[in-house]
Amino acid sequence: MTSVIGVRFRTAGKIYYFGPKDIEFKRSDHVIVETARGVEFGTVVLPNMDVEDEKITQPLKNVIRKATPEDIDREKRNREKEKEAYKICQEKILKHGLEMKLINAEYTFDNNKVLFYFTADGRVDFRELVKDLAGVFRTRIELRQVGVRDETKILGGMGICGRPLCCHIYLSDFAPVSIKMAKEQSLSLNPTKISGICGRLMCCLKNESDVYEELTRNLPRVGEQVTTSDGLKGEVRDVNVLKQTVRVIVEVDDEKEMKEYPVDELKFKTRKRDWEDNEEGSPKGGRKDKKKKKDFKGNRNREESAEEKELEELERLEKKDGKSKLDDD
């Protein structure tokens, strides 16, 4: 076990471990530490604690010191300088006619480097821009291209739920999100309703996906034939995942009637969630299963609507974005 503290350098940023050097820290204390970018000003989010050695990236660096009032004043001045740096960089981008959108400017604590974050549709040749900026700031310049999710994380905003964006408030990492999560939660598959302001699938789809997936596993599919506890046979019309109830169309006295049953009172074939999840099969039936799987996929592709294709494009962009470009590791 090793004694460490957890430090963040931006709101909802990644937490990095540093050795406390026999200093007792409290949450929200400010510290001066050495990072890959140079000397930085950070905030303690995890006070002194012991963690297992394998969870620490070696070599573990110690804090330089607890931030003094002078350090805090210097950090405030840096934040003011960043506003001016942003304006200057924006002017230089327009001067060079580059197709890039400037997002943010950031000074390291020791002013040894200025970082400019931007988004662009493709690769941008900004070599002349860097030379121009270096002549103005007289320090090291780094331009870092980030994705639209990183852009939203930096700028912040309000989600369609009326609350501040999760990525800007508390999400330190972007969890993989898929269309399957929206389907499991019986959400509208309209891309405009399940996409965030960044244009990607909403991060909050991940929050309850595990619970919904487990609950849905116990329910029959819509359209499936089931047998009820009172001996009737019918077709599933609707399911309520949270209540674990099923609405079934049954035939009573030569008339069709819709009734609601708890799932425990129904008999139906245990099913897999999808052909993709079915990894079973005997050696004899292996070829037959592959053919069924292929036919299933073919039918599904033929039934796709324009909306579903748009959703697939969203999912492809999710995978393309990869990990956040805001961190240095």
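Residues numbered from 1 in each chain as written. Predicted model: local features only at pLDDT ≥ 70, side-chain atom pairs only at ≥ 80, totals over all residues. Heavy atoms only, no water.

Below, the discussion takes up the nonpolar core. Of all hydrophobic cores here, the largest spans 17 residues; its most connected members are Met100, Phe116, Leu133, Phe137, Ile141 and Leu143. Mapped by element, the contributors of at least two residues to this core are helix 1 (69–96), strand 6 (101–107), strand 7 (113–119), helix 2 (127–137) and strand 8 (140–145). At four residues, helix 1 tops the list of elements feeding residues into this core. Tyr212, Val236, Val250 and Val263 belong to the second largest nonpolar core, which has eleven residues in total. (Core = buried A, V, L, I, M, F, W, Y, C linked by side-chain atoms within 4.5 Å. Buried < 20%, exposed > 50% of the residue type's maximum accessible area, 1.4 Å probe, protein only. Helix = DSSP H or I, 4+ residues; strand = E, 2+ residues; numbered from the N terminus.)

Tracing the chain through its elements places leucine 219 in the loop between helix 7 (209–216) and strand 9 (225–228). A relative accessible area of 1% means that leucine 219 is categorised as buried.

Now for a negative patch on the surface. Judged by side-chain charge, Glu251, Asp253, Asp254, Glu255 and Glu257 come together as a negatively charged surface patch. Taking the relative accessible area as the measure of exposure, glutamate 255 reaches 57% and is therefore exposed. (Patch = residues over 30% accessible without salt bridge, like charges linked within 9 Å, V, L, I, M, F, W, Y side chains within 5 Å. Areas by Shrake-Rupley, 256 points an atom, 1.4 Å probe, with all protein chains shown as cover. Salt bridge = Lys/Arg side-chain N within 4 Å of Asp/Glu carboxyl O. Lys, Arg positive; Asp, Glu negative; His and termini not counted. Charge placed at Lys NZ, Arg CZ, Asp CG, Glu CD.)

As a further point, take the sheet that holds strand 1 (residues 2–8). The strand order across the open sheet built from five strands is 2-1-4-3-5, with neighbouring strands paired in antiparallel fashion. In this open sheet, the two strands that pair with only one neighbour each are strand 2 (16–18) and strand 5 (65–66). Here six bridges tie strand 1 to strand 4 (residues 38–51), and the two strands are oriented antiparallel to one another. Within the sheet, the bridge partner assigned to serine 3 lies in strand 4 and is aspartate 50. Of the strands in this sheet, strand 3 (30–35), strand 4 and strand 5 touch helix 1, which is tilted by about 125° from strand 4. (Pairing = 2+ DSSP bridges. Contact = heavy atoms within 4.5 Å. Axes fitted to C-alpha atoms, helices over the stretch in contact; angles between N-to-C directions.)

Let us look at the environment of valine 44. Examined against the element boundaries, valine 44 turns out to sit in strand 4. The exposure class assigned to valine 44 is buried, which follows from its relative accessible area of 1%. In this view, valine 44 contacts Ile5, Gly6, Phe25, Lys26, Arg27, Ser28, Asp29 and Val31; residues no more than four positions away in its chain are not counted.

In this section: the sheet that holds strand 8. What the three strands build is an open sheet, ordered 6-7-8; its pairing is mixed. Strand pairing shows two members of the sheet lacking a second neighbour, strand 6 and strand 8, which therefore form its edges. This sheet shows a mean twist of 20° between the axes of neighbouring strands, independent of strand direction. On the sheet, helix 1 packs against strand 6 and strand 7 and is oriented at approximately 145° with respect to strand 6. Contacting strand 6, strand 7 and strand 8, helix 2 crosses the sheet at an angle of about 140° to strand 8.

Applying the stated rule across the entire model yields 18 salt bridges. For aspartate 29, the salt bridge is made with lysine 66, and the minimal N-O distance between the two is 3.7 Å. Of the two residues, aspartate 29 sits in the loop between strand 2 and strand 3 while lysine 66 sits in strand 5, which places them 37 residues apart along the sequence. With relative accessibility at 33%, the residue lysine 66 sits in the partly exposed group. Overlapping salt bridges bring together Arg10, Arg37, Glu40 and Glu106 as one network.

Here three bridges tie strand 9 to strand 10 (residues 233–240), and the two strands are oriented antiparallel to one another. Bridge assignment links threonine 227 to a residue of strand 10, and that residue is lysine 233. Counting the residues between successive antiparallel strands, the hairpin from strand 9 to strand 10 contains four residues, one of them, glycine 231, with a positive phi of roughly 85°. When strand 10 meets strand 11 (residues 245–252), the two strands line up antiparallel, connected through six bridges. Bridge pairing in strand 11 places valine 239 opposite valine 246.

Turning next to the confidence of the model for the protein chain. Across the protein chain, the average pLDDT comes to 83, with 87% of residues at 70 or higher. Confidence drops under pLDDT 50 across residues 273–286; counting only partners more than four residues distant or on other chains, this segment forms 19 contacts. (pLDDT = per-residue confidence, 0-100.)

The interhelical angle for the contact between helix 1 and helix 2, taken along N-to-C directions, is 140°, at an axis separation of 10 Å. For helix 1 against helix 2, the interelement crossing comes out right-handed. On helix 2, the residues that touch Ala85, Ile88, Cys89, Lys92, Ile93, Lys95 and His96 of helix 1 are Glu128, Leu129, Asp132, Leu133, Val136 and Phe137. When the residues that make up the contact of helix 1 with helix 2 are grouped by side-chain class, the tally is eight nonpolar, one polar and four charged. (Left-handed = near helix turned anticlockwise from the far one by under 90°. Nonpolar A, V, L, I, M, F, W, Y, C, P; charged D, E, K, R; others polar.)

Take the packing of aromatic side chains next. Tallying each qualifying case throughout the model produces five aromatic pairs. Ring centres of phenylalanine 9 and tyrosine 16 lie 5.8 Å apart, and the angle between their planes is 45°; this geometry places the pair in the tilted category. With relative accessibility at 26%, the residue phenylalanine 9 sits in the partly exposed group. On the numbers, 6.3 Å between centres and 90° between planes, the contact of phenylalanine 9 with phenylalanine 18 is edge-to-face. When its relative accessible area of 6% is taken as the criterion, phenylalanine 18 is described as buried. Lying over the aromatic face of phenylalanine 109, arginine 74 brings its terminal NZ or CZ to 4.9 Å of the ring centre. Over the aromatic face of tyrosine 107 sits the side chain of lysine 81, whose NZ or CZ is 4.6 Å from the ring centroid. (Phe/Tyr/Trp six-rings, centres within 6.5 Å; stacked < 30°, edge-to-face > 60°. Lys NZ or Arg CZ within 6 Å of the ring centre and 35° of its normal.)

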